[in-house]
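Observations on the three-dimensional arrangement
The chain contents come next:
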Amino acid sequence: MVVKKKTAKVEAVVLDEGKLHMLIASLSVDGGEDGVSQVAQTLQACLELKEPVQQIQLVKKVGSQLEALSEEQPDGALLQACLHTLALVYTSLQAKNPLRRAIARTLGSVPVWLQEPTVTSLSACLSDSMSNSTSDQHLHIIDTVAACLDGFPLGERCINRLLSEVLQFLQKALSEYLCQNSGLVGRHIAQAQLMQSCLAAVKTSMLVVQRSQETISAALQADQDHCTLQTTLSSLLNCYTHILTDEEFIQAVQSTAGMAVVLLIRSVLGSGDGVATVVCSLLRGSLQGLQSAPHWLKQSCEGLFTSGRPPGVSLYLCHGALAMLSWKGALPGPQWEQLLLLVPNTLLDLDVSVKESSTAMVVARVLTLWSGAALDCLQGDLRSCPPNLQQCLSGGSELQHCLLEHIYSHWEHPLDGVRHQTRTLFHNLLLLHQHHASPSISNPTKDPYITDLTQSLLGLEWHMRGKYGSLGCLVELYGAAYLLNIHPQLPVSLLGLMGDQTLAPYASDLLEKMFISHKAQLSAETNAGDKTATEAWVHCWHQTWVSPLLQVLCQARLDQTTYILDYFLPKLLRCSPSSLAHMVQALQDTPPCSVGPPGSRGAVGALMTCLRAARAQGVIPSPENGLWGGLVPLSLLRQALVHKHDQVRMDALGLICESHRSTEILTSQEMDLIHHFLLSNLNSQSPGVRQQTVSLLKKLLCRVKDSTQMLQKRLSQERDQEQRDRDQCTLDMYKEFLRCLCVRLLEVLLPGASFSKCLMSLHLLVLTGHLFTFSTGPDVFALGEVVTSAHAQNVLYCVASNFLEVKQLASTLIRQLPPSAVGLQVPERMCCVLKAALDLSTSTKPFDSVSAAHLLNLLLHQPHLNQALLHCAKEQGLAFQPPSVLQPEASEALILELNTLAVVQFLLQCLQSEVSRAESSLLQAAASFPLYGRAHCITAALQNLNTESLSQTEQWRSLVSELITACYRLSDVVSPVVQSSSPEGLIPMDTDSETSAGLQKILQEIQPRDTNDFFTSARELDTHQEEDHTQTQTIHTPSLDRGSEGYRVTAQMVLVCCWRSMKEVAMLLGQLCQSLPLHFTNDTLTHTGLITEDQVEGVGLYFRQQLLQSRHRGAFELAYVGFVRLTDKLCRSGSQALQQLPTRWLSEVLEEVKSSDPSSKLCATRRSAGIPFYIQALLSSEPKSSSCSLLKMTMKELIALAMPSADRNTSHSTVPQVHALNILRALYRDTRLGENIIPFVSDGMQAAVLGFTSPVWAVRNSSTLLFSTLITRIFGVKKGKDEHLKKNRMTGREFFTRFPALYPFLLNRLEEAAATVESNSGQVKLHPSLFLLLLVLSRLYPSPMDGSSSPLGLAPFMPFIIRCGRSAVYRTREMAARALVPFVLVTQIPSTVQALLQELPPEPGPKTQQNHIHGTLLQVLFLLQSYQTDSHRPLTSGNGISKALHQRMWLASWLSFQRDRLLSHPRTSHRPPSSSTPGCLTQDGGRKMGQRFL
């Protein structure tokens, strides 16, 4: 699909009336024919026009006339007036207006003798604008200044002339913006707009300083003591410093301010060593080194030297130093070398303290920028580069080692941008090593640094995504042959990963780089003219890449090869199209008996996969002469279309439907194959197969449409009669094919058809109607002619289906079918459908209300709906009057609006009547007319309305007010049930005297024995009242509906009626607030709308009450959906009062949570009911581009509440803590908060772990839920059945780098918990937090990249984990063994195992502890398993392990004896034996050790 380029918005010249008349008068001339008079007349005509495009044409004409002027033109005043007019219009237009650019080109093309007067006029207009501007005009003038410097030489001369005045204006604007920022708390949209204004001001000031450096230097040197420019620059620097140190500013503004600071320093100090010295001092936060800087510069930068400055200051200054200083070629002096080495060290120090993911992104980007600057320094003659710098940048240096540590810690970061920057940094580090390496080492196998690095990377687990990008860098620099020599089975290993959706893109990218590089290397090594040699290297390439692919396609299970077609095969065919013939030949030569394992696709399936990918890439043509592309017979393709494997059928269908060109003509053979496919595949039970089938057939139908347009165009242009006949024949085949397809699909839609058949047929028919339309007129295909009234009736029956998707598709298809076939315009049929819809809207079956909404939406487009509504109103006895009578010439939009208005009014009257009856008897409402159906239909009707262009505004305002009032009444009726402590068993007391006695007896009956029997056995409400109620279980009450049959009403029916009604009220109120224009007043300016500020605030208070007090999950979850719509409206509204509501509401609810107790109105369930949803909705409304001040404030208060306190040890005092834990859990789970929540994960983990020590069950329960959520948030969702797989874990380095605060916390808590493991009392003592600590630590694992250094100081954990292995609880010993593994380096495993074995007793004795022995042996076992997996080598001889094992061989016979004793006497004693008894076994530890370990 070709997307048109977005057209630039052109605005006409807008000037106030007085100024416009003055300009026109100044351009008036009396019949002059000279060049200046012609310019004035053209400009005068331009100002009088209102059409912007014509104005641009006249401005271009003025440019041509000005170019033609000569210096001898007589009228100087008139020429000055012309120039002044152009300059004034230029400064009045918006920045991106094409008219402004046209004027800039006109002014830039004036003759040389006219340039000075032009600059003077432009300077006068710009100066006048700056001197007389208000705060609202600042941004426009800033854009004008930036436009003058954007490819406009005369504008740049103007800025240089007004340099001091421009800088003063920018400083004034920035100062005002900084003052305004403090007064916009809670107004997120206004704050976001202010941030953009600040960003524009800082960028423009940088641009001005950058383009005027010579002027600035000259002015400062001319008057070194004091000058206006110096004062202005000092004030600007103060503004930059304020922005850098104020964390309320967004990162884009702070980063730009950091660049502006460095640029200003460079402009003042020049490019010598002085600027590097000052920047080094700024990065260190030290005043040393500022001797060379002027005094005013030191004073302006004082805020950057405070000890408490935010850590981001150094980050943004590093960015500024790299971006604003020139690093190409030789460095100017030693201070520059020092600065270049200081930047990465500063960034790596920040890396540990960074919490926000967005800041981590900036750190990664700046480090990549630094690596690029370091490469620039080495591009020239290496002899001019200082030796110390070369040594520091080479591979194996301490700096490179630290940078590699950063890469290994961040290449699995959740943000794609961080991973991408990390890969680029790794690539640049390899280039830096190449520059330093000796030229004689051209072979990477002779470079020990590269060899060790490659071996380490290949030794990593394949689930680590950073591994693929790093290996790709090695391929780019050293070629694929280098990796294939080290790991020949690498292609097979990568192909085996293609079944994992998360790894397939990375594996395919690495494979693509490798096979392209390998092909280029093999081709370069061979003489192009040598055919034999060429065939040899092609065969070698096929054996390396194609043969493993075919083997995987044939032998592997379908789920393992799912993504090969999507990611790998197309890339391989693009690289080598000729390989297709080799694939087809190899697969056809495969014996039929050589089928793969169960579940594999076999050779036929592999052949279809290869052909499909080749067809989509345009490698093979359409079928001809019984062969597909001249390669395979069509009979084989027909077999594949009905293959037993779903994926084989989908590949065969894709081979037919997908093509390289969308205009490729469909052949008759392909049409026959499609019919053959549909016969047996319309009833597929697999959702995935149905989805793929619809997607592929959509491509086919699009191809038919595009090729039809091509054929029609060719018919109108072609003169060859034979070609015209062939094209017409093709169109006739298309027509017959589409008609047969529609008939076959319509005939499937019979009453009682299966869900899958209906769904597939409706999907395909809707696609056909969307692409071709079911028209009956003179159309190419006229598909509407095959649709009969019976077909339309069957589609209408589908609207009543129990499946929502079928309802939606059928409703869409009905609108596409010919009106004559549907017949809704016939009054009798319209009344019939309307009655059915109204009846369904009061059905007790929830899905019937959805059918009613679809039917009503179908009728909204009918011009004569009012008459049908009047007829129904008379039958129901409603005093209904339609809003107005439609005129015959009414537009479709007006018909839709008036019909919607009438339908909503009708439904509202019905709802109001039913609410009044429900206020008397909710039981009767639940049984006869559930209220939610009417509300759902109203919401659905409003969703199809364009509320921005309504004509009946007064009627709509009145209707909105009535709707809101009705919603409140409905909520008041049903809210007692959903807010009850036991909503499932509540039937509220009715006020109707006739039914209250019966209901009272029902309540009395269930009260003494509140069991599940009540919820399964119905209560019959018969039409006759029995005198004796005690003789039967059925309770009879007076009739609820006179003259009708009895009702069977249970508490569930009442509850369903109530919570669904609450749901529909929430959705309706949310729809009203979200879609209707707002009526508000700001600064005496009134904006007209349909819903007022007070109404919106009232709806918000309603949602607050429901979310904070409802107990039924269905009620408050759906109230949350409506409340989210409301909060989105509040933030985007122009009303200042509404913008501040989320902040106010959030503060109020947090205060309520702080002071809550059991008597509070807040719903104190074990998960806090709707309170977390309420706070979620308020926080998610905060713009992501803001500083997230609301989120930070909320998390700070909630974490403080969630932490245990000495004065909160009772169930009454822990209510705020429980609420805080539950709210935190909801916020950590909210995906809309994204990475903004990550900085608070460490604090949340601490609160969860500490919550387990509480004596109150509610706190422990909420802590459990929070801990589970945080485990998922940190390590991701479970990626396999075994939670101990490394793809479900994280390296210790990465974990403690991302969450450094957890390092001391986990260490201290582990030390405390380990102290309670061993006990001499014989009783099991289990610390509450021990299992959690071991669970977290066991989710870590060591990385082979750790080398020999201690990874982030993990050694202190080891003694405590080893001690936990002595616990009497088996699960604790097992978790301790798993948790020990990540804290032992691969190189230290043999020595650690030997030390553990030495701790075991050399012989049995009275103090032998079986738990200690078992725990130690478990730790040895897990360490050895990890060593064999990670090191890929056997234990070396002489490691001491064999000797230690030999010394303790007595354990084998002794433990065997203990096992036999336990198995022979399993229940001899339940008394815990004394710990001093030889061979004692605790019940939990010893028995499991004997039965499980041995």
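Look up a bit, the structure's there.
Owing to the predicted nature of the structure, the values given are computational and were not obtained by experimental measurement. (Residues numbered from 1 in each chain as written. Predicted model: local features only at pLDDT ≥ 70, side-chain atom pairs only at ≥ 80, totals over all residues. Heavy atoms only, no water.)

**Here's the deal with the overall build of the chain**
Per the secondary structure count, the chain includes 68 helices and nine strands. Across the 1494 residues that make up the chain, the buried fraction comes to 54%. Looking at the chain alone, contacts between residues at least 24 apart form 74% of all its contacts between residues at least 6 apart. Split by element, the accessible area of the chain, about 64,000 Å² in all, is 52% carbon and sulfur. (Helix = DSSP H or I, 4+ residues; strand = E, 2+ residues; numbered from the N terminus. Buried < 20%, exposed > 50% of the residue type's maximum accessible area, 1.4 Å probe, protein only. Contact = heavy atoms within 4.5 Å. Areas by Shrake-Rupley, 256 points an atom, 1.4 Å probe, with all protein chains shown as cover.)

**Quick look at the pairing of strand S5 (residues 1078-1082)**
Only one face of S5 is buried, namely the one carrying Leu1078, Phe1080 and Asn1082, since none of His1079 and Thr1081 on the opposite face is buried. Taken together, the three bridges between S5 and strand S6 (residues 1085-1087) define a ladder with antiparallel strand orientation. Looking at the pairing, Thr1081 lines up with Thr1086 of S6. (Pairing = 2+ DSSP bridges.)

**Concerning helix H29 (residues 579-588)**
All of the buried residues in H29 are Ser579, Leu580, Met583, Val584 and Leu587. The buried residues of H29 all sit within an arc of 140° when viewed along its axis, so they share a single face. Residues of H29 that are buried make contact with helix H27 (531-555), helix H28 (564-575), helix H30 (602-616) and strand S2 (632-633). (Arc of directions from axis to C-beta.)

**Details of the sheet that holds strand S7 (residues 1091-1092)**
Taken in spatial order, the three strands line up as S6-S5-S7 in an open sheet, and their pairing is mixed. Of all strands in the sheet, those bounded by a partner on one side alone are S6 and S7. As defined by bridge partners, S5 adjoins S7 across two bridges and the pair is classed as parallel. If you follow Leu1078 over to S7, its bridge partner there is Ile1091.

**Side note on the packing of aromatic side chains**
Counted by the stated rule, this structure contains 25 aromatic pairs. With 5.3 Å between their ring centres and 65° between their planes, Tyr1120 and Phe1173 make a pair best called edge-to-face. Placement of the pair is Tyr1120 in helix H51 (residues 1113-1132) and Phe1173 in helix H54 (residues 1171-1180), with a sequence separation of 53 residues. No difference in accessibility class separates Tyr1120 from Phe1173, as the two residues are buried. In textbook terms, an aromatic cluster arises when at least three aromatic residues are bridged by ring pairs, as seen for Tyr968, Tyr1102, Phe1103, Phe1123, Trp1145 and Tyr1174. (Phe/Tyr/Trp six-rings, centres within 6.5 Å; stacked < 30°, edge-to-face > 60°.)

**Thoughts on helix H37 (residues 789-798)**
Burial in H37 covers these residues: His791, Ala792, Asn794, Val795, Leu796 and Cys798. Structurally, H37 contributes buried residues whose contacts are with helix H35 (721-748), helix H36 (755-772), helix H38 (804-816), helix H39 (819-822), helix H40 (827-840) and helix H41 (846-859).

**Some words on the pattern of salt bridges**
Applying the stated rule across the entire model yields 33 salt bridges. Across the pair Glu116 and Arg157 runs a salt bridge whose closest N-O atoms are separated by 3.0 Å. One end of the pair, Glu116, is in helix H6 (residues 115-131); the other, Arg157, is in helix H8 (residues 153-161), with 41 residues separating them in the sequence. Here Glu116 falls in the partly exposed class, since its relative accessible area comes to 38%. Two residues, Arg1232 and Asp1230, come together in a salt bridge whose shortest N-O distance is 3.4 Å. Each member of the salt-bridge network shares a partner with another, and the members are Glu1097, Arg1104, Arg1144, Glu1148 and Glu1152. (Salt bridge = Lys/Arg side-chain N within 4 Å of Asp/Glu carboxyl O.)

**Describing the packing of helix H17 (residues 334-353) against helix H20 (residues 398-410)**
Closest axis-to-axis distance for the H17/H20 pair is 11 Å, and the angle between their directions is 35°. The hand of the H17/H20 crossing is left-handed. On H20, the residues that touch Leu341, Pro344, Asn345, Leu348 and Asp351 of H17 are Leu399, Cys402, Leu403, His406 and His410. Residue composition of the contact of H17 with H20, grouped by class: six nonpolar, three polar and one charged. (Axes fitted to C-alpha atoms, helices over the stretch in contact; angles between N-to-C directions. Left-handed = near helix turned anticlockwise from the far one by under 90°. Nonpolar A, V, L, I, M, F, W, Y, C, P; charged D, E, K, R; others polar.)

**Examining the packing of helix H10 (residues 188-211) against helix H12 (residues 228-245)**
Where H10 contacts H12, the two axes come as close as 12 Å, and the packing angle between them is 140°. With respect to each other, H10 and H12 are oriented oblique. At the point where H10 passes H12, the crossing takes the left-handed sense. Two secondary-structure elements touch here, H10 through Val202, Ser205 and Met206 and H12 through Leu236, Tyr240 and Ile243. Residues that form the contact of H10 with H12 fall into these classes: five nonpolar, one polar and no charged. (Parallel < 35°, antiparallel > 145°, perpendicular 65-115°, else oblique.)

**Let's talk about the state of the cysteines**
Taken as a whole, this structure holds zero disulfides when the rule is applied. With no disulfide of its own, Cys554 lies 8.0 Å from the sulfur of Cys610, the closest cysteine sulfur. (Disulfide = S-S within 2.5 Å.)

**Focus: the environment of Leu43**
Turning to its location among the elements, Leu43 is positioned in helix H2 (residues 35-48). Each C-alpha atom of the pair Leu43 and Thr85 lies 8.0 Å from the other, and the pair is 42 residues apart in sequence. Beyond its immediate stretch of four places on either side in the chain, Leu43 contacts Leu27, Val62, Cys82, Thr85 and Leu86.

**Focus: the environment of Ser1181**
Tracing the backbone through its elements, the reader meets Ser1181 in the loop between H54 and helix H55 (1189-1202). The class of Ser1181 is buried, set by a relative accessible area of 8%. For the pair Ser1181 and Thr1127, spaced 54 residues apart in sequence, the C-alpha separation works out to 5.8 Å. In this view, Ser1181 contacts Thr1127, Asp1128, Cys1131 and Pro1142; residues no more than four positions away in its chain are not counted.

This is a description of form; function is not addressed.
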